[in-house]
Amino acid sequence: MTELQTVRTVEVVAAEINALTASMLGNIVEIGRRMCEAKEMLPYGTFGTWIKENTGYSTSTANNFMRLFQEYGSPQGCLFGAQVECQTFGKLSYSKALALLSVPAEEREKFVEEHDVEDMSTRELQQAIKERDEARKKAEDLEKAMEEQLEEQRTVYNTDMADIQGRLEEAENRAAGYAKKLEDAKAKAAEDLEKAQADISALKAELEEVAEAPTQVAVETVVDEEAVKAAAEAAR
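No experiment lies behind these values; they were computed from the predicted model shown.

Rules of the game
Residues numbered from 1 in each chain as written. Predicted model: local features only at pLDDT ≥ 70, side-chain atom pairs only at ≥ 80, totals over all residues. Heavy atoms only, no water. Helix = DSSP H or I, 4+ residues; strand = E, 2+ residues; numbered from the N terminus. Polar contact = N/O pair within 3.5 Å; in protein donor to acceptor, adjacent residues only side chain to side chain. Phe/Tyr/Trp six-rings, centres within 6.5 Å; stacked < 30°, edge-to-face > 60°. Core = buried A, V, L, I, M, F, W, Y, C linked by side-chain atoms within 4.5 Å. Buried < 20%, exposed > 50% of the residue type's maximum accessible area, 1.4 Å probe, protein only. Contact = heavy atoms within 4.5 Å. Patch = residues over 30% accessible without salt bridge, like charges linked within 9 Å, V, L, I, M, F, W, Y side chains within 5 Å. Areas by Shrake-Rupley, 256 points an atom, 1.4 Å probe, with all protein chains shown as cover. Salt bridge = Lys/Arg side-chain N within 4 Å of Asp/Glu carboxyl O. Lys, Arg positive; Asp, Glu negative; His and termini not counted. Charge placed at Lys NZ, Arg CZ, Asp CG, Glu CD. Arc of directions from axis to C-beta.

S.K.: Hey, could you run me through the side chain of threonine 55 in this one?
M.R.: The residue threonine 55 is located in helix 3 (residues 47–55) in this model. A polar atom in the side chain of threonine 55 sits 2.5 Å from the backbone oxygen of isoleucine 51.

S.K.: Is there a simple way to explain the packing of aromatic side chains in this structure?
M.R.: What describes a pair of aromatic rings is the distance from one ring centre to the other and the angle between the planes of the rings. Using the criterion set out here, one finds three aromatic pairs in the structure. Pairwise contacts between aromatic rings join Tyr57, Phe65 and Tyr94 into one cluster.

S.K.: Any chance you could explain unusual backbone geometry here in plain terms?
M.R.: Excluding glycine, residues mostly carry a negative phi; peptide bonds, for their part, are mostly trans. Phi at aspartate 116 takes a positive value of approximately 50 degrees, unusual for a residue other than glycine. Mapping aspartate 116 onto the fold places it in the loop between helix 6 (105–115) and helix 7 (122–223).

S.K.: Is there a simple way to think about the nonpolar core in this case?
M.R.: Counting 36 residues, the largest nonpolar core has Met35, Tyr72 and Leu100 as the members making the most contacts within it. At the level of secondary structure, the elements contributing two or more residues to this core comprise helix 1 (10–19), helix 2 (25–41), helix 3, helix 4 (59–72), helix 5 (94–99), helix 6 and helix 7. Ranked by residues supplied to this core, first place goes to helix 2 with seven residues. If sequence neighbours within four positions are ignored, leucine 100 has contacts with Tyr72, Leu92, Arg108, Phe111, Val112, Val117, Leu125 and Ile129.

S.K.: Any chance you could explain a nonpolar patch on the surface here in plain terms?
M.R.: Nonpolar side chains collect at one region of the surface, where Tyr157, Met161 and Ile164 lie side by side and expose about 300 Å² of accessible area between them. Tracing the backbone through its elements, the reader meets tyrosine 157 in helix 7.

S.K.: Honestly, a negative patch on the surface in this entry has me stumped. Any pointers?
M.R.: Taken together, Glu140, Glu143, Glu147 and Glu148 make up a surface patch of like negative charges. Relative to the elements of secondary structure, glutamate 140 occurs in helix 7. For glutamate 140, a relative accessible area of 43% corresponds to the partly exposed category.

S.K.: Help me understand helix 6 in this model?
M.R.: Helical periodicity: at 3.6 residues per turn, an α-helix aligns residues three or four positions apart in one direction. What helix 6 keeps buried is the set Arg108, Phe111 and Val112. Projected onto a plane normal to the axis of helix 6, the buried residues spread over an arc of 100 degrees and lie on a single side. In this structure, helix 6 carries Glu106, Lys110, Glu113 and Glu114 as exposed residues pointing more than 90 degrees from its buried face. One or two residues past the end of helix 6 sits aspartate 116, with phi positive at roughly 50 degrees.

S.K.: Whenever I open this one, helix 3 confuses me. Can you help?
M.R.: All of the buried residues in helix 3 are Phe47, Trp50, Ile51 and Thr55. Seen along its axis, helix 3 keeps its buried residues to an arc of 95 degrees; they face one direction. Residues Lys52 and Glu53 are exposed on helix 3 and point more than 90 degrees away from its buried face.

As structure tokens, then:
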């Protein structure tokens, strides 16, 4: 019977885990893979006891191994051998690989390449990650502070613009009122002008009549001078 035809049992998995014990990440990943496999086979709540009795690992260590498999493991496994998804992590120790879990997966490979993690001690790696997190936190705090300041300035700007807009509308309304008054005044002035012109025409006509009246009076005076004198005497 070939290996592919062998029935997988928890005993077989335990033997493979013990055989893969090593410090390099590839073997740790393969151990984690098999631990995940065993956990799926076992009844709920029995994995911790089973792992300790059959492999000697604590539950916390087993959880770390399984997490490393989930983070670094290649989808294609093998019986014995390193199966790390990216070769950048292939030579990392267990402690370094575990420390790197605090770095987001999409940034992890670049971080390893930029910091020469392979030649670092685990403590140096942890310090580099801490400094990275602190620098990122400062950058995020600065960005947040700038965004808050920008929002405050935006609020002040919007308030000022609303005030200016209000005053502009008020001025426009006043201007419209003044324009209406001006139009009314123009209409009244035109009406008054028309009336004045009519009055002038009437006065001109009257003046012409008056201008003609003295001649007639004078003629009448010459014709009836005695009557005028008599009237004057009677008046005295």
